[in-house]
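Here is how the chains run, residue by residue.
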Amino acid sequence: MTQQPPRHDAALPGRTEITGPMVRPATNVGRVWRAKAQWAVRGLGPPTVPLALPGSDDDLSQRHARSVIDLALRIGEALLSTGASAADVVTTVLRLTYAYGVRSAHVDITYTSISVSIQRGVDEDPLAVMRVIKTRSPDYSRLEQIQLLVDDVAGRARRGEEMRPVEEARQDLGDILSAPHPYRRWVVTMGQVLIAVGVVVLFGGGPGMWVVAGLSAAIVDRVQRLLHSAGVAAFFSQAVSAGIPTTIAVLLFTLDDVGLSVPGVDSPSLVVISGIIVLLAGLGVMGAAQDAVDGYYVTAGARGLEVVMMTLGIAIGISAVLATANRLGVPMEIAPFIALGGSPVLGTIGATVVAIGFSLSSYSGPRATAVAAALGAVAWVALELVSVLGVGTTATVTAAATVVGVLGHTVYRVLRVPELAITTAAIVSLLPGLAVYRGLFYIMSDSPQLVTAAAMEFVTAASTGLGLAAGLSLGAYAARRRFGLDRASIRARRRSVGAYRS
């Protein structure tokens with residue numbers, strides 16, 4: 001039998017024949033790579049800011065929820081009325097509600113109202129209460145006591161101790177709000193006098209100018225009190241108050257023109273500048289800037305508009321007196337070319353006096369006043385040191401305010417004095433009173449060439465206010481990162497931010 005030769009297309013032993021369909025890609029390869037790509041770009045955790053989650057307070061009794069909301073609302077109203085910023089009010093209210101077991105509270109603040117609500121799921125009725133803010137007056141002694149009350153409640157919850165009954169806390173709040181001021185009203189007037197004297201010291205004025213500026217501030221304070229009692233609108237009160245130091249300056253120029261110069265009074269313009277800063281210190285300049293930095297733009301806009309209107313009142317008061325003086329032929333010129341005294345020692349002393357004066361005028365306690373005086377001196381020293389670098393006015397005041405913010409929160413953690421009271425008092429000497437004064441002078445000159453200069457001065461004033469607020473926020477944030485906060489405080493601080501992105 002003849003053996004046939006092997007065929008070349010026959011399958012060889014141990015060898016696998018690969019056909020066309022076998023070289024096509026597997027159907028799951030694309031799926032694997034798509035999964036890997038999705039894993040690389042897809043978020044792994046929940047949203048940074050959860051939206052519209054179901055309520056977690058279904059197990060709360062109706063009475064307890066209402067009691068907590070009422071207490072929180074009254075505390076929030078008191079804080080807003082005594083000068084706290086919107087973010088601080090929201091943080092404090094959330095800390096209080098969280099301590100009493102209310103986890104789903106929401107706080108909404110406008111310039112004239114505050115509301116607190118609880119969404120308790122589908123099985124329970126929601127609760128929402130609102131109160132109108134009727135008055136606003138810096139009162140840091142009451143602010144301190146309210147913060148201590150909330151700290152005590154939150155501290156007991158954090159340590160797992162027996163909680164203070166809500167009714168007892170409400171009674172304590174009533175005692176705080178109805179208690180008399182730490183000192184009489186004439187001490188507040190003396191605080192205004194010290195602010196004016198400190199401003200004159202900052203600009204290198206002598207003892208004669210101290211007396212005149214202090215007398216002007218005392219008259220302004222008493223007139224404002226009378227106008228407030230008579231129900232006069234704040235705008236007109238500002239106009240009348242601004243006219244008082246300007247009138248005194250006109251009288252000084254008149255006496256100098258007839259050869260009866262007052263000894264030691266060589267710059268009547270300082271009386272006007274001190275009066276402007278005294279009036280600005282009582283406005284919500286820092287509050288408006290702080291709310292804008294924190295993202296509460298509605299409240300910041302309302303406060304900013306109030307500041308603008310009150311500043312316009314100052315401008316109208318000064319303009320009316322100057323126009324009257326010109327019609328009567330009084331040879332008066334309020335020169336805008338005034339600079340700081342140039343002496344770091346005098347500047348530090350002046351800033352300290354200003355801080356003490358503001359603390360007294362806002363009813364701060366003795367400890368808070370002493371701390372504010374020290375911080376005022378530190379703020380001015382920091383300003384002098386940073387100004388050597390020549391980085392500009394806004395950057396300089398921001399750096400000084402950052403130092404104050406760090407030290408203010410540190411002192412608050414140690415001594416439990418109100419942070420807002422001591423930091424605000426410390427930076428009053430850095431308020432842009434000179435820029436506002438120059439801008440008003442340029443506007444009143446009726447010169448088209450000076451309109452641009454006036455606009456630049458007002459822009460400088462606005463940027464200085466924002467720089468001060470931003471510096472305080474940065475400093476306080478750095479101090480909080482260093483010391484840390486309890487879990488409830490961290491949660492409240494995050495939820496109190498007015499604008500954020502998830």
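One can find the structure itself at the top, above this paragraph.
Please read these numbers as outputs of a predicted model, since none were measured by experiment.

Peer 1: How should the overall build of the chain be read in this particular structure?
Peer 2: What the chain contains, in helices and strands, is 18 helices and 3 strands. A separation threshold of at least 6 residues defines the contact pool for the chain, and within that pool the share at least 24 residues apart is 77%. A total accessible area of about 26,000 Å² is found for the chain, and carbon and sulfur atoms account for 62% of it.

Peer 1: Looking at this structure, how should I read the sheet that holds strand 2 (residues 113–118)?
Peer 2: In any sheet, the strands associate via hydrogen bonds between backbone groups, in a parallel or an antiparallel arrangement. Taken together, the 3 strands give an open sheet; going across it, the order is 1-2-3, and neighbouring strands pair in antiparallel fashion. In this open sheet, the two edge strands, each paired with only one partner strand, are strand 1 (105–109) and strand 3 (127–132). Shown here is a sheet whose adjacent strand axes are inclined to one another by a mean of 15°, direction ignored. In this sheet, strand 2 lies alongside strand 1 in antiparallel orientation, the contact comprising 5 bridges. Within the sheet, the bridge partner assigned to Asp108 lies in strand 2 and is Ser115. Set on the sheet, helix 3 (residues 86–99) makes contact with strand 1 and strand 2; between it and strand 1 the angle comes to about 160°.

Peer 1: Would you mind going over the packing of aromatic side chains with me for this structure?
Peer 2: The relative placement of two aromatic rings is captured by the distance of their centres and the angle of their planes. This structure, assessed with the given rule, holds 3 aromatic pairs. Between Tyr140 and Phe358, the aromatic rings sit 6.4 Å apart at their centres with planes inclined by 50°, giving tilted as the arrangement. Taken together, the positions of Tyr140 in helix 4 (residues 140–159) and Phe358 in helix 12 (residues 344–361) put the pair 218 residues apart, joining distant regions of the chain. In this structure Tyr140 comes out as buried when scored by relative accessible area, which is 4%. Ring centres of Tyr183 and Tyr363 lie 5.9 Å apart, and the angle between their planes is 20°; on these two criteria the pair is classed as stacked. One end of the pair, Tyr183, is in the loop between helix 5 (166–178) and helix 6 (185–202); the other, Tyr363, is in the loop between helix 12 and helix 13 (366–387), with 180 residues separating them in the sequence. Lying across the ring of Tyr98, Arg103 places its NZ or CZ 4.1 Å from the centre. One cation-aromatic arrangement involves Arg416 over Tyr412; the distance from NZ or CZ to the ring centre is 4.6 Å.

Peer 1: Could you clarify how one ought to interpret unusual backbone geometry in this entry?
Peer 2: For residues other than glycine, phi is negative in most cases, and the peptide bonds are mostly trans. The residue Tyr363 is not glycine, and still its phi comes out positive at about 60°. A relative accessible area of 10% places Tyr363 in the buried class. Here the phi dihedral of Arg416 falls at roughly 60°; this positive angle occurs in a residue that is not glycine. Structurally, Arg416 can be placed in the loop between helix 14 (393–415) and helix 15 (419–426). By relative accessible area, which is 28% here, Arg416 ends up partly exposed.

Peer 1: Quick question: what am I supposed to make of the environment of Asp151 here?
Peer 2: Inspection of the secondary structure assignment puts Asp151 in helix 4. Sequence separation of Asp151 and Arg416 is 265 residues, and the distance between their C-alpha atoms is 9.5 Å. Ignoring any residue separated from it by four or fewer positions in sequence, one finds Asp151 in contact with Arg95, Tyr412 and Arg416.

Peer 1: Would you explain helix 6 in this entry?
Peer 2: Two residues of an α-helix separated by three or four positions point the same way, owing to the 3.6 residues in each turn. The terminal C-alpha atoms of helix 6, which comprises 18 residues, lie 26 Å apart, in line with the 26 Å expected from a rise of 1.5 Å per residue. With 14 of its 18 residues buried, helix 6 lies for the most part within the structure. Among the residues trailing helix 6, Gly204 stands out with phi positive, at a value near 80°.

Peer 1: For this particular structure, what's the right way to read the packing of helix 13 against helix 14?
Peer 2: A packed helix pair is summarised by two numbers, namely the angle formed by the two axes and the spacing between the axes. Running from amino to carboxyl end, helix 13 crosses helix 14 at an angle of 150°, the nearest separation of the two axes being 8 Å. As judged from the angle between their axes, helix 13 and helix 14 are roughly antiparallel. When the axes of helix 13 and helix 14 are compared, the crossing they make is right-handed. Counting all contacts with helix 13, which are made through Arg367, Val371, Leu375, Val378, Ala379, Ala382, Leu383, Val386 and Ser387, the residues of helix 14 involved are Thr396, Val397, Ala399, Ala400, Val403, Val404, Leu407, Gly408, Val411 and Leu415. A breakdown of the residues in the contact of helix 13 with helix 14 according to their chemical character gives 15 nonpolar, 3 polar and 1 charged.

Peer 1: What is the right way to look at the pattern of salt bridges in this model?
Peer 2: Inspection of every chain in the model, using the stated rule, returns 14 salt bridges. With a shortest N-O distance of 2.6 Å, Arg416 and Asp151 are connected by a salt bridge. Highlighted residues: Arg416 in the loop between helix 14 and helix 15 and Asp151 in helix 4, separated in sequence by 265 residues. For Asp151, a relative accessible area of 14% puts it in the buried group.

Reading guide: rules and limits
Residues numbered from 1 in each chain as written. Predicted model: local features only at pLDDT ≥ 70, side-chain atom pairs only at ≥ 80, totals over all residues. Heavy atoms only, no water. Helix = DSSP H or I, 4+ residues; strand = E, 2+ residues; numbered from the N terminus. Contact = heavy atoms within 4.5 Å. Areas by Shrake-Rupley, 256 points an atom, 1.4 Å probe, with all protein chains shown as cover. Pairing = 2+ DSSP bridges. Axes fitted to C-alpha atoms, helices over the stretch in contact; angles between N-to-C directions. Phe/Tyr/Trp six-rings, centres within 6.5 Å; stacked < 30°, edge-to-face > 60°. Buried < 20%, exposed > 50% of the residue type's maximum accessible area, 1.4 Å probe, protein only. Lys NZ or Arg CZ within 6 Å of the ring centre and 35° of its normal. Expected span 1.5 Å × (residues − 1). Parallel < 35°, antiparallel > 145°, perpendicular 65-115°, else oblique. Left-handed = near helix turned anticlockwise from the far one by under 90°. Nonpolar A, V, L, I, M, F, W, Y, C, P; charged D, E, K, R; others polar. Salt bridge = Lys/Arg side-chain N within 4 Å of Asp/Glu carboxyl O.

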